[in-house]
Amino acid sequence: MSLPGNANRDNFGSKFGILAAAAGSAVGLGNVWKFPYVTGQNGGGAFLLIYLACVLLLGVSVMLSEFSIGRRGQRNVFGSFKSLAPNTPWYFAGIMGVVAAFVILSFYSAVAGWTLEYIVHSVDGSFHSGEPLSNAFNNFITHPVRPILWQLVFMALTALIVVGGVKNGIEKYNKILMPLLVIFLLILCVRAITLPNSVEGLKFLFTPDFSKITAKTVLFAMGQAFFSLSLGMGALITYSSYFKKTENLGITAINVSIADTVIAVLSGVVIFPAVFAFHIEPSAGPSLVFITLPEIFRQMPLGSIFGFIFFALLAVAALTSTVSLLEVVVAYFSEEFKITRKKSIIITIIFASILGVFASLSFGPLSSVLIFKKSIFDLLDFVASNVLLPLGGLLIVIFVGWYMTKRDVRDEVSNGGTLNVPFFPYFRFIVRFIAPVAIAAIFIYSIFYGSLG
Ligand code: TRP
């Protein structure tokens, strides 16, 4: 029998709410900002193919592992490990998750704040002012105050959603924001593929050039898949602790992974035709979205409207992700230290903002502060994405594959034997053997070779 649910905890109210929230966590800057530019830098179609294989072979199984831990544990990420493995050091994996969520929240909110500035810029005519857009971007991110103000606004928006709780905050807003995001994205897709020369962009995205593939590309695709699916630090453990006991975890993991991947690919469908239509290099890197695209909006009829929609899309995608990051930390503090959610939100937001401000300033006034040859922003990103996430992911799959009994995992995945789970042997094989080796490879590689990027 599965363990009884905890009646005092807030829970998601509907299947759609669960899908919207989990997909909301997964769909973020990773999909709309990072996926297109890493695809652009790594040869287009070939990278896409490997990325798809990583999601299918590894991502879905690791996600199902997180769901199994969270829903069985019925607590925050730290508490879930404690309740499933009492009197063992496994809770350490939970602490790492909380730290990772806190760190990601702090630097992710800096870039998320930029999207708000760009929403304003797309309608106030700044793209048309004649100032080169790369200057505008550099002036903005190196400014000592503006990016920080937007970052704090973004933190406040995140807090306002999380303060409502699971059903009346996280679920309610994701149910509105995720459909809105899909509508924005579809509008932009139609615009992009009706641009002259759009076929070139689609060809770039969908025609694999295998000569571009190296071991590094494979590891990079795997890392990107983990980050994009929100795996490795218990965001999905925390969310799934609020899932109903009747929710089909396997189907949910598949649906969330499909939604995340489709949205990443559609972001590519928006960006590459536009890039090729205006004869711009697809490999611009991180500035692709903030310099290259505004250039396109400047030249396009009704560009202000499409620019507004694009940056609103980016902001919404980021917001539903920061909500999931904040919830990891808030659930931990409120449940383990018995303080109210409100208090834990305030404390977390204050400290994440302080660290976040340093991350923001490291583009400008603090750009000369280098730690291990990295700026503060890059260091936080590196520690979280290249150390804490793979390590957390490794512990999660080892926990589900080797620590939990086969019976318990099967019980959780099949809702106490009431669901058919024909995929179970396959899932178990991946979690026990393939995933630990693959994740260890990413981890070792990224430690020795620095950032994979
Ligand atoms: N998946 C989000 C993105 O693609 C970012 C994110 C949210 C995340 N929560 C996470 C990444 C937890 C890793 C772990 O932008």
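What counts, and where the lines are drawn
Residues numbered from 1 in each chain as written. Predicted model: local features only at pLDDT ≥ 70, side-chain atom pairs only at ≥ 80, totals over all residues. Heavy atoms only, no water. Helix = DSSP H or I, 4+ residues; strand = E, 2+ residues; numbered from the N terminus. Rg over C-alpha atoms; globule rule 2.2 N^0.38 Å. Buried < 20%, exposed > 50% of the residue type's maximum accessible area, 1.4 Å probe, protein only. Contact = heavy atoms within 4.5 Å. Areas by Shrake-Rupley, 256 points an atom, 1.4 Å probe, with all protein chains shown as cover. Near = heavy atom within 4 Å. Polar contact = N/O pair within 3.5 Å; in protein donor to acceptor, adjacent residues only side chain to side chain. 1 Å grid on protein atoms, 1.4 Å probe; cavity = no way out; pocket = protein on both sides within 12 Å on 5 of 7 lines; lining within 4 Å. Sits in = over half its atoms within 2 Å of the grid points. Axes fitted to C-alpha atoms, helices over the stretch in contact; angles between N-to-C directions. Parallel < 35°, antiparallel > 145°, perpendicular 65-115°, else oblique. Left-handed = near helix turned anticlockwise from the far one by under 90°. Expected span 1.5 Å × (residues − 1). Bend = angle between axes of the 7 residues up to and from the residue. Nonpolar A, V, L, I, M, F, W, Y, C, P; charged D, E, K, R; others polar. Salt bridge = Lys/Arg side-chain N within 4 Å of Asp/Glu carboxyl O. pLDDT = per-residue confidence, 0-100. Points joined across faces, edges and corners; volume = space filled by probe spheres on them.

1. Observations regarding the overall build of the chain
Then comes step 1: Of regular secondary structure, the chain possesses 18 helices and zero strands.
Then comes step 2: Here the C-alpha radius of gyration of the chain, 21 Å, is about what a compact globule of 453 residues would show, namely 22 Å.
Then comes step 3: Out of the 453 residues belonging to the chain, those deemed buried represent 59%.
Then comes step 4: Counting contacts in the chain only where the partners sit at least 6 residues apart, residues at least 24 apart contribute 82% of the total.
Then comes step 5: Element-wise, carbon and sulfur atoms account for 70% of the exposed surface of the chain, whose accessible area totals about 17400 Å².

2. So, the site of the ligand
Then comes step 1: Close to the ligand lie 17 residues; A26, G30, Y108, F227 and S230 are nearest.
Then comes step 2: F227 is positioned such that a nitrogen or oxygen atom in its backbone is 2.8 Å from a nitrogen atom of the ligand.
Then comes step 3: One of the backbone N or O atoms of S228 is found 3.1 Å from a nitrogen atom in the ligand.
Then comes step 4: Considered on its own, the ligand offers 360 Å² of accessible surface; in the complex 100% of this is hidden by protein.
Then comes step 5: Placement of the ligand is best described as lying within the largest cavity.

3. Quick look at unusual backbone geometry
Peptide bonds are, in most cases, trans, and in most cases residues other than glycine have a negative phi.
Then comes step 1: Of note, the phi angle at L302 is positive, near 60°, even though the residue is not glycine.
Then comes step 2: Mapped onto the secondary structure, L302 falls in the loop between α13 (292–299) and α14 (303–336).
Then comes step 3: For L302, a relative accessible area of 58% puts it in the exposed group.
Then comes step 4: At K338, a residue that is not glycine, the phi angle is positive and equals roughly 50°.
Then comes step 5: Examined against the element boundaries, K338 turns out to sit in the loop between α14 and α15 (341–361).
Then comes step 6: A residue is classified by how much of its surface remains accessible, and K338, at 69% relative accessible area, is exposed.

4. Details of the packing of helix α5 (residues 91–124) against helix α6 (residues 133–142)
Then comes step 1: Interaxial distance between α5 and α6 falls to 12 Å at its minimum, and their mutual angle equals 130°. Judged by the inter-axis angle, α5 sits oblique to α6. Here α5 and α6 pass one another in a crossing that is right-handed. Two secondary-structure elements touch here, α5 through W114, E117 and Y118 and α6 through F137, F140 and I141.

5. Quick look at the environment of K167
Then comes step 1: Relative to the helices and strands, K167 is located in helix α8 (residues 165–193).
Then comes step 2: As for K167 and G13, which are separated by 154 residues in sequence, their C-alpha atoms are 6.3 Å apart.
Then comes step 3: Among all residues touching K167, those that are not within four sequence positions of it are D10, N11, F12, G13 and K172.

6. Thoughts on helix α1 (residues 15–26)
Then comes step 1: With 12 residues, α1 should cover 16 Å at 1.5 Å per step; its first-to-last C-alpha distance of 17 Å lies within 8% of that length.
Then comes step 2: All buried positions along α1 are accounted for by G17, I18, A20, A21, A22, A23, G24, S25 and A26.

7. Looking at α8
Then comes step 1: Under the 1.5 Å per step criterion, the end-to-end length of α8 is 40 Å for 29 residues, consistent within 8% with the ideal 42 Å.
Then comes step 2: Maximum bend of α8: about 25°, positioned at E171.

8. Some remarks on the packing of α14 against α15
Helix-helix packing is described using two parameters, namely the angle between the two axes and the distance between the axes.
Then comes step 1: Orientation of α14 relative to α15, taken along the N-to-C sense of each, is 125°, at an axis distance of 9 Å. As judged from the angle between their axes, α14 and α15 are oblique. Like other packed secondary-structure pairs, α14 and α15 cross with a definite hand, here right-handed. Residues L326, E327, V329, V330, F333 and S334 of α14 lie in contact with α15, whose contacting residues are R341, S344, I345, T348 and I349.
Then comes step 2: Grouping the constituent residues of the contact of α14 with α15 by class yields six nonpolar, three polar and two charged.

9. Re the pattern of salt bridges
Then comes step 1: In total, this model carries 13 salt bridges according to the counting rule given.
Then comes step 2: For E412, the salt bridge identified is with R71, shortest N-O distance 2.7 Å. Separated by 341 residues along the polypeptide, E412 in helix α17 (residues 406–413) and R71 in helix α3 (residues 45–73) bring together distant segments of the chain. Note on accessibility: E412 and R71 belong to one class, buried.
Then comes step 3: In this structure, D411 engages R72 in a salt bridge whose closest nitrogen and oxygen atoms are separated by 3.0 Å. One end of the pair, D411, is in helix α17; the other, R72, is in helix α3, and 339 residues separate them in sequence. Residues D411 and R72 agree in their burial class; the two are buried.

10. Concerning the confidence of the model for the chain
Then comes step 1: Averaged over every residue, the pLDDT of the chain is 92; the share at 70 or more is 98%.
Then comes step 2: Segment residues 1–5 is flagged for pLDDT under 50; beyond a separation of four residues in sequence, or across chains, it makes 13 contacts in the model.

11. Some remarks on empty space enclosed by the protein
Then comes step 1: According to the stated counting rule, one finds three cavities of 30 Å³ or more in the structure shown.
Then comes step 2: By volume, the largest cavity is sized at about 150 Å³.
Then comes step 3: S25, Y108, F227, S230 and L325 are, among the 17 residues lining the largest cavity, the residues nearest its centre.
Then comes step 4: Counting only elements with at least two residues in the lining of the largest cavity, the list comes to α1, α5, α10 (215–228) and α14.
Then comes step 5: In the lining of the largest cavity, the residues fall into 10 nonpolar, seven polar and no charged.
Then comes step 6: Of the voids in this model, the second largest cavity is the one considered here, and its volume is about 70 Å³.
Then comes step 7: Lining the second largest cavity, in full, are L188, R191, A192, L195, V270, A274, L293, I296, F297, M300 and F306.

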